[in-house]
Amino acid sequence: MAKKPLGSTFTDVLKTFFLGRQRATLSILEEEQVQSPYRTMFRNFREKWSAMLGVYMFLAIFLAVFILPIFFPLDTQFQDPTQQNTRPTFSYMKYDKALQGNVASIDGGSVFGVGVDRDGKLYQWGTLSAKLQKMPPTDKRYVQASAGLDHAVALDADGKVHTWGNDRFTLNMIPPELSSRKVKQVIAGHQISIALTEGGEIYVWGNSNLISIPVPKDKQGTFTKVVANTTLAAAITGNNELVILSSRETPFSYIPSEIQGRVRDVDLTERSAAAVTTDGRIYVWGGNDYGVMDIPAHAQGRAIAVSAGRGHFVALLDDGSVVAWGRNNYKQTNVPKLKNIVSIQSSYYQNYAVDKNGRIHTWGLKGYLMGTDQYGRDLFVRLLTGGRVTLTIGALAVIISAIIGIIIGSFSGYYGGKTDMFLMRLAEVVNAIPFLPLAMILSAIIGSRISETGRISMIMVILGLLNWPSLARLVRGQILAAREQEFVTAAKAMGITEMKIIFKHILPNVITVVLVNLTLSFALSMLYESSLSYLGFGVNEPNATWGNMLYGCNDSTVMSLYWWRWVFPAIALSLCTVSINMAGDGMRDAIDPKSIGR
Amino acid sequence: MFKYVLRRLMYIVVVFLIGSVLIFSLYKSVPGDPARLMIEGNKANMKPAEYEALYRDAVKKLGLDKPLVVQYFTWLFNTLRGDFGYSLTYKMPVRQMIGVPMKNTIMLNVWSLLPVFAITIPLGIATAVRRNTRFDSTVQVITIIGYSLPFFVIALLFIFLFAVKLPIFPISGVQTPGLRGTPGRMFLDKLYHMALPLLVMVFTSLGGLTRYVRATMIEALSMDYIRTARAKGLTEKVVIYSHAFRNALIPFITIMTGWFISIFSGSVVIERTFLWNGMGKVIIDALNQQDFAVSLAMVMFYLVLSLVGNLLMDLSYGLADPRVKLN
């Protein structure tokens, strides 16, 4: 018996679809054979380039949104105001080449970095706002620089302070007291700047409404080092005592008593503090989240310095190696193999380590592929997970509407008469009311009393419940035509039950038409879901879908300044629906022999 | 014919009653007490006893103290009389409140009709006549892309191009705030604001409609009477525009019914994006403000509208196509 030609069964078609084209060599006799309908359809489909393009595009999107989220998981609760509305880039740690091997001081800001080389030249890199690009005079010899949220501070060899970047909240008004004093350390923090003088005095300027950093009068003049996070500051005095500079009682205030008088180094994350004592031990106190208390055991007793980002700590050990622990959402604790390190500097999600040759090593957050949104969330990760939600809702809504539509359509078409009349009028009513307003009303009424997860399933059910009439009408029409054919009469004569006749004998004959319709209404369901979410009546924050990522983007600021917030979700959604429709259209042409004009 | 219309009208009444029960039960399942919402603002500057009295008055005024069946029939008769209830946000009757938005929506939709038909019908006919040529397949792909793109993506794109990058049109709104002038000047200002939503509306309708015209035209061109007309030696122009196109127009009646409803309901997405004060935006605002009386009254209105529209559609099929028998 001759080998069955490829594509002669429906399974073959699916197999070739997903596993690629398998060429079968046929003899002339075989090629002259009559083709099965599926094979004809498949050939017609494959010959249409737009249909194949649609299939490949959809498969690529499908694989991307279902597989990539495994590697880029979304933490829906995550927000970080310091990272909001940053443009797509990977340049946060792309320091100037001239710094390599020649670095004197380096520091990372929220989305940028600053550095000073041994010749006193100042550099900056990363996402720089227009104000940040106006750097201080180049004729000075700089010795230290620090980067903050949106401003930077530098110190020159004469002990004078220079600041640039954000100039609001009196950030540009360097305290007059500093002009008569020599400064030895500067810090650019979260809308504040701090300077520590050679005389051990701390001066703070900037947005005092947001953060107030009181300096105790009796300690002024004894400080040797100062660090800050976005809410307070901490300083070490000359006799190795630690002082928390805050006007409120915070978890930071509970400094372990045994370390007072022995503190060598300190740094602060957002919710916890870490100190290194003179005997090399590390102490962490404050809020215990993201595993900041899990200090690597081998580091105890050997640490000489500590540095902190927003939620992680990095410690330098006496053998020149580096350990890191704490929050690892941007790989900021994945330290590469390092040795001979002499200084470390971590801030936000960036880490810089400098070895004894002055070479810079970096790890942590380089930037965002698609930028971030107004809450500082990575858009790429949200786009992937959002795509998964959008596709899932669309698919399940179609399945629901397919079940309802096929059952109602079959009964209506097969039985006719009163049943038909009633069911079709029902379809007419559901179809009559404008879709989006009705779906919005249902979502507003039901959605107010269920959880966010319940809301997602509710959207699927609403879309499914409102979407079946067109399919029901199609199935009915097909069944009406098939009902009168001989094989149905034969089946009836053999006494087969009506259910079996409808679903086993007639339905398989019309299934291709139904499949095409389902493909097209899959795209439609996705469009409806994203429209609902775009209007604020679908899936809500913090869950992501392609529609609600575009919520609130019809704003001239977002449109022009933060283009990445609407361009990427819009492109993803459009590509997806276009590809599904192209494939569906190709399928429709392929199964309809009349439409091929040959 | 008369009997058919009578039967259809009776059927409309039945469907309307079923629909109204569904809508009323939705209305009743809305969370929150409408009487409290109505007097909400007064709570702070009132004695508790006075507030209670006011609350009882409000309950009575809204008829909430009566049994559900009575409430339903009161609501139904009021709706039929054109009294759609009281908008809690706007503090005025719904019928009064939706006057201006309705006018705006009708204006936007009617204006979009002309360019849409002026583009889609010739394009659809051209692609149908040149079927399976390079021109046809190009238009096919473009129209697929056209109707696959979400409305709001096109709207955002157009805003970006024509209001942000090239500031030709205003980003949103119906009228320049605070503008006073002659009616002519006011009208021109409104047209200026309408330009961008209109453009988007026309653009979004092109894809689907072009394909529809093409499909009906191909259907008509495959008929026997076309072959007869060609065999008679009629010019291709006469065959296409006189014989085929007229018959292709019949399925257009379905499309027209859709238009008839959307003229009054408006596009929610476009009106929301451009903050166009139309019916779609009224629904969104009403839902955001928990003002369900407005939104459900409007659904009721659309239900009647579409039932009547469907009847008109069937009747006009009977008029346009002598083969269709109404019974």
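Remember, predicted model here, so these are calculated numbers, not experimental data.

A.B. asks: Mind laying out the overall build of chain B, listing which residues take part and the relevant values?
C.D. replies: What chain B contains, in helices and strands, is 15 helices and 2 strands. A compact globule built from 327 residues should have a C-alpha radius of gyration of about 20 Å, whereas chain B, at 25 Å, is more than 25% larger. Each of the three principal axes of chain B carries a C-alpha extent, and together these read 90 × 60 × 35 Å. Here chain B holds 327 residues, and 32% of them are scored as buried. Long-range pairs, those at least 24 residues apart, make up 68% of the contacts in chain B between residues at least 6 apart in sequence.

A.B. asks: Report on the overall build of chain A, specifying residues and quantitative values.
C.D. replies: A tally of regular secondary structure across chain A gives 13 helices and 21 strands. The globule rule puts the C-alpha radius of gyration for 598 residues at 25 Å, and the 33 Å found for chain A is more than 25% above it. Reported as C-alpha extents along the three principal axes, the dimensions of chain A are approximately 105 × 60 × 45 Å. Across the 598 residues of chain A, 46% fall into the buried class.

A.B. asks: Please set out the packing of helix 11 (residues 498-535) of chain A against helix 13 (residues 564-591) of chain A residue by residue, giving values where relevant.
C.D. replies: Residue and element names in this part refer to chain A. With their axes 9 Å apart at the nearest point, helix 11 and helix 13 run at an angle of 165 degrees to one another. Comparing their axes, helix 13 and helix 11 come out roughly antiparallel. Considering the relative orientation of helix 11 and helix 13, their crossing is left-handed. Taken together, the residues of helix 13 that come into contact with helix 11 (itself represented by Thr-512, Val-513, Val-516, Thr-519, Leu-520, Phe-522, Ala-523, Met-526, Leu-527 and Ser-530) are Leu-573, Cys-576, Thr-577, Ile-580, Asn-581, Ala-583, Gly-584, Met-587, Arg-588 and Ile-591. In terms of residue class, the contact of helix 11 with helix 13 is made up of 13 nonpolar, 6 polar and 1 charged.

A.B. asks: I'd like a description of the interface of chain A and chain B, backed by residues and values.
C.D. replies: Contact residues are listed per partner, giving 39 residues for chain A and 40 residues for chain B. Only helix 6 (417-432), helix 7 (435-447), helix 11, helix 12 (556-561) and helix 13 of chain A provide two or more residues apiece to the side of chain A that touches chain B. Top element by residues in the side of chain A that touches chain B is helix 13 of chain A. It accounts for 9 residues.

A.B. asks: Could you give an account of the sheet that holds strand 1 (residues 103-108) of chain A, with specific residues and numbers?
C.D. replies: Residue and element names in this part refer to chain A. Strand order in the open sheet formed by 3 strands is 1-2-3, with antiparallel pairing between adjacent strands. Edge positions in the sheet fall to strand 1 and strand 3 (122-126), since each has one partner strand and no second. Between one strand axis and the next, the sheet turns through 15 degrees on average, direction left out of account. Where strand 1 lies against strand 2 (residues 112-117), 5 bridges are found, and the strand directions are antiparallel. By the bridge assignment, Ile-106 is partnered in strand 2 with Gly-115.

A.B. asks: Outline the sheet that holds strand 16 (residues 303-308) of chain A, supporting the account with residue identities and numerical values.
C.D. replies: Residues and elements named next belong to chain A. Strand order in the open sheet formed by 3 strands is 16-17-18, with antiparallel pairing between adjacent strands. Every interior strand has two partners, whereas the edge strands, strand 16 and strand 18 (322-326), have only one. Strand after strand, the sheet turns through a mean of 20 degrees between neighbouring axes, direction not considered. The pairing of strand 16 with strand 17 (residues 312-317) spans 5 bridges and is classified as antiparallel.

A.B. asks: Describe helix 6 (residues 99-129) of chain B, naming the residues involved and giving the relevant values.
C.D. replies: Residue and element names in this part refer to chain B. With 31 residues, helix 6 should cover 45 Å at 1.5 Å per step; its first-to-last C-alpha distance of 45 Å lies within 8% of that length. Along helix 6, the helix axis deviates most sharply at Val-116, where the bend reaches about 25 degrees. Every buried residue of helix 6 is accounted for by Pro-101, Asn-104, Thr-105, Leu-108, Asn-109, Ser-112, Thr-120, Gly-124, Ile-125, Thr-127 and Ala-128. Looking at the buried residues of helix 6, the elements they touch are helix 7 (134-148), helix 9 (183-221), helix 11 (236-248), helix 12 (252-265) and helix 14 (279-288).

A.B. asks: Run through the pairing of strand 4 (residues 142-147) of chain A, naming residues and quoting values.
C.D. replies: Residue and element names in this part refer to chain A. With 5 of its 6 residues buried, strand 4 lies for the most part within the structure. Judged from the 5 bridges that link them, strand 4 and strand 5 (residues 151-156) form a sheet pairing that is antiparallel. Bridging from a neighbouring strand, Ser-146 pairs with Val-153 of strand 5.

A.B. asks: Describe in detail the environment of A:Ala145, supporting the description with residues and values.
C.D. replies: Residues and elements named next belong to chain A. With respect to the helices and strands, Ala-145 occurs in strand 4. By C-beta crowding, Ala-145 is classed as buried, having 24 other C-beta atoms within 10 Å. Spatially, the C-alpha atoms of Ala-145 and Leu-463 are 57 Å apart, while their sequence positions differ by 318 residues. The contacts of Ala-145, once residues within four sequence positions are left out, are Ser-105, Asp-107, Val-114, Gly-115, Val-116, Leu-122, Ala-152 and Ala-154.

A.B. asks: Residue-level account of the packing of helix 7 of chain A against helix 8 (residues 452-467) of chain A, with values.
C.D. replies: Residues and elements named next belong to chain A. Where helix 7 contacts helix 8, the two axes come as close as 10 Å, and the packing angle between them is 145 degrees. Viewed along their axes, helix 7 and helix 8 form a crossing whose handedness is right-handed. Within the contact between the two elements, helix 7 uses Phe-435, Leu-438, Ala-439, Leu-442, Ser-443, Ile-446 and Gly-447 and helix 8 uses Arg-455, Met-458, Ile-459, Ile-462, Leu-463 and Leu-466.

A.B. asks: Explain unusual backbone geometry to me, and be specific about the residues and the numbers.
C.D. replies: Residues and elements named next belong to chain A. In the Ramachandran plot, Asn-85 falls in the positive-phi region, its phi being about 50 degrees despite a non-glycine side chain. Note on placement: Asn-85 falls in the loop between helix 4 (49-71) and strand 1. Judged by the 17 C-beta atoms lying within 10 Å of it, Asn-85 is partly exposed. Phi is positive for Asn-240, close to 60 degrees, though the residue is something other than glycine.

A.B. asks: How would you summarise the nonpolar core if you had to cite specific residues and measurements?
C.D. replies: The biggest cluster of nonpolar side chains holds 132 residues, and the ones touching the most others in it are A:Met440, B:Ala155, B:Leu156, B:Ile283, B:Leu296 and B:Val299. Ranked by residues supplied to this core, first place goes to helix 11 of chain A with 15 residues. Setting aside anything within four residues of it in sequence, one finds B:Leu156 in contact with A:Cys553, A:Asn554, A:Trp566 and A:Ala570. Core analysis: the second largest hydrophobic core is formed by 88 residues, A:Val183, A:Ile202, A:Val314 and A:Ala353 among them.

A.B. asks: Hey, could you go over the environment of B:Phe203 for me, with residue numbers and the actual values?
C.D. replies: The topology assignment puts B:Phe203 in helix 9. Counting along the chain gives 37 residues from B:Phe203 to B:Leu166, while the straight-line C-alpha distance between them is 19 Å.

A.B. asks: Help me get a handle on the confidence of the model for chain B, residues and values and all.
C.D. replies: Residues and elements named next belong to chain B. The predicted model of chain B has a mean per-residue pLDDT of 81, with 94% of residues at 70 or higher. Summarising per-element confidence for chain B, the mean pLDDT is lowest in helix 2 (residues 34-39) (69) and highest in helix 10 (residues 224-231) (90). Scored as a whole, the predicted complex attains pTM 0.84, and scored at its interfaces, ipTM 0.84.

A.B. asks: An account of the environment of A:Pro81 is requested, with residue identities and associated values reported.
C.D. replies: Mapped onto the secondary structure, A:Pro81 falls in the loop between helix 4 and strand 1. It is 9.8 Å that separates the C-alpha atoms of A:Pro81 and A:Asp373, two residues lying 292 residues apart in sequence.

A.B. asks: How would you summarise the pairing of strand 16 of chain A if you had to cite specific residues and measurements?
C.D. replies: Counting buried positions over the 6 residues of strand 16 of chain A gives 5, a clear majority of the element. Adjacent in sequence and paired antiparallel, strand 16 of chain A and strand 17 of chain A are bridged by 3 residues.

A.B. asks: Could you give an account of helix 11 of chain B, naming the residues involved and the relevant values?
C.D. replies: Residues spaced three or four apart along an α-helix face the same direction, because each turn holds 3.6 residues. Residue and element names in this part refer to chain B. Buried within helix 11 are the following residues: Val-239, Ile-240, Ala-244 and Ala-248. Along helix 11, the residues classed as buried sweep out an arc of 85 degrees about the axis, all on the same side. For helix 11, the exposed residues lying more than 90 degrees away from the buried face are Lys-237, Tyr-241 and Arg-246. Elements in contact with the buried residues of helix 11: helix 6, helix 9 and helix 10.

About the criteria used
Residues numbered from 1 in each chain as written. Chains lettered and ligands numbered in written order. Predicted model: local features only at pLDDT ≥ 70, side-chain atom pairs only at ≥ 80, totals over all residues. Helix = DSSP H or I, 4+ residues; strand = E, 2+ residues; numbered from the N terminus. Rg over C-alpha atoms; globule rule 2.2 N^0.38 Å. Buried ≥ 20, exposed ≤ 12 C-beta atoms within 10 Å, placed from the backbone. Contact = placed C-beta atoms within 7 Å. Axes fitted to C-alpha atoms, helices over the stretch in contact; angles between N-to-C directions. Parallel < 35°, antiparallel > 145°, perpendicular 65-115°, else oblique. Left-handed = near helix turned anticlockwise from the far one by under 90°. Nonpolar A, V, L, I, M, F, W, Y, C, P; charged D, E, K, R; others polar. Pairing = 2+ DSSP bridges. Expected span 1.5 Å × (residues − 1). Bend = angle between axes of the 7 residues up to and from the residue. Core = buried A, V, L, I, M, F, W, Y, C linked by C-beta atoms within 7 Å. pLDDT = per-residue confidence, 0-100. Arc of directions from axis to C-beta.

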